[in-house]
Amino acid sequence: MWDETNKNQLTFVLAALILNEKSVKITEEALRKIINSAGIEVEEYWFCIFERVFSEINIVEFLGSNSQVTKKPLETVSLPEKEEKELNKEKSESNSGEDMGFGLFD
C-alpha cells in the first residue's frame, strides 16, 4: 500500500502544512529546508513539482478551513429503538450463512 511515491507525496503535504501553520510561504527552498532537517531523503524532482502545486493553490482554502482545529466534541447520534432493531435483524439475516444457490460445493 505504501510505496516510495506515496511516502514522498505525504512528506511534501505534511511539510506544506507545517510551513502554512508557521505562516511561511511554501517555496522550494522552504520545503527543502524542512524535509532535509527531518532527515528524509526524496528525489530532487519532487521539490519543483510540489512548489508548483502549492504556488497554484491556497492550502487553507483547499482544506476548507482556517487551519485551526475546533475543540467541539462530536455528538453521538442514536437511532430510534425500532430502527435499530430492524437494522440488527437485517444484519443477522444477511450473515446467516444460507445457501446462496451458486452450487459451488454441490
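Rules and cut-offs
- Residues numbered from 1 in each chain as written.
- Predicted model: local features only at pLDDT ≥ 70, side-chain atom pairs only at ≥ 80, totals over all residues.
- Heavy atoms only, no water.
- Helix = DSSP H or I, 4+ residues; strand = E, 2+ residues; numbered from the N terminus.
- Buried < 20%, exposed > 50% of the residue type's maximum accessible area, 1.4 Å probe, protein only.
- Contact = heavy atoms within 4.5 Å.
- Areas by Shrake-Rupley, 256 points an atom, 1.4 Å probe, with all protein chains shown as cover.
- Expected span 1.5 Å × (residues − 1).
- Arc of directions from axis to C-beta.
- Patch = residues over 30% accessible without salt bridge, like charges linked within 9 Å, V, L, I, M, F, W, Y side chains within 5 Å.
- Salt bridge = Lys/Arg side-chain N within 4 Å of Asp/Glu carboxyl O.

**Student:** So what's going on with the overall build of the chain? Which residues, and what values?
**Tutor:** The number of helices and strands found in the chain is 5 helices and 0 strands. Order of helices (α) and strands (β) in the chain, N terminus to C terminus: α-α-α-α-α. Buried positions account for 17% of the 106 residues belonging to the chain. The long-range fraction of contacts in the chain, counting pairs at least 24 apart against all pairs at least 6 apart in sequence, stands at 50%. On the chain, roughly 9300 Å² of surface is accessible, and the fraction owed to carbon and sulfur atoms is 54%.

**Student:** I'd like to hear about helix H1 (residues 4-21), residue by residue, with values.
**Tutor:** Two residues of an α-helix separated by three or four positions point the same way, owing to the 3.6 residues in each turn. With 18 residues, H1 should reach 26 Å at 1.5 Å per residue; the first-to-last C-alpha distance of 26 Å fits that figure. Looking at H1, one finds that the buried residues are Asn8, Thr11, Phe12, Ala15, Ala16, Leu19 and Asn20. Looking straight down H1, one finds its buried side chains confined to an arc of 165°; they lie on one side. In the segment just after H1, Ser23 is the residue with positive phi, at about 60°.

**Student:** Break down a nonpolar patch on the surface for me, citing the residues and quoting the values.
**Tutor:** A cluster of nonpolar residues, Tyr45, Ile49, Val53, Ile57 and Phe62, forms a patch on the protein surface that exposes about 480 Å² of accessible area. No other element matches helix H3 (residues 45-56), which puts 3 residues into the nonpolar patch. Of note, Tyr45 is situated in helix H3. Given the relative accessible area of 48%, Tyr45 is considered partly exposed.

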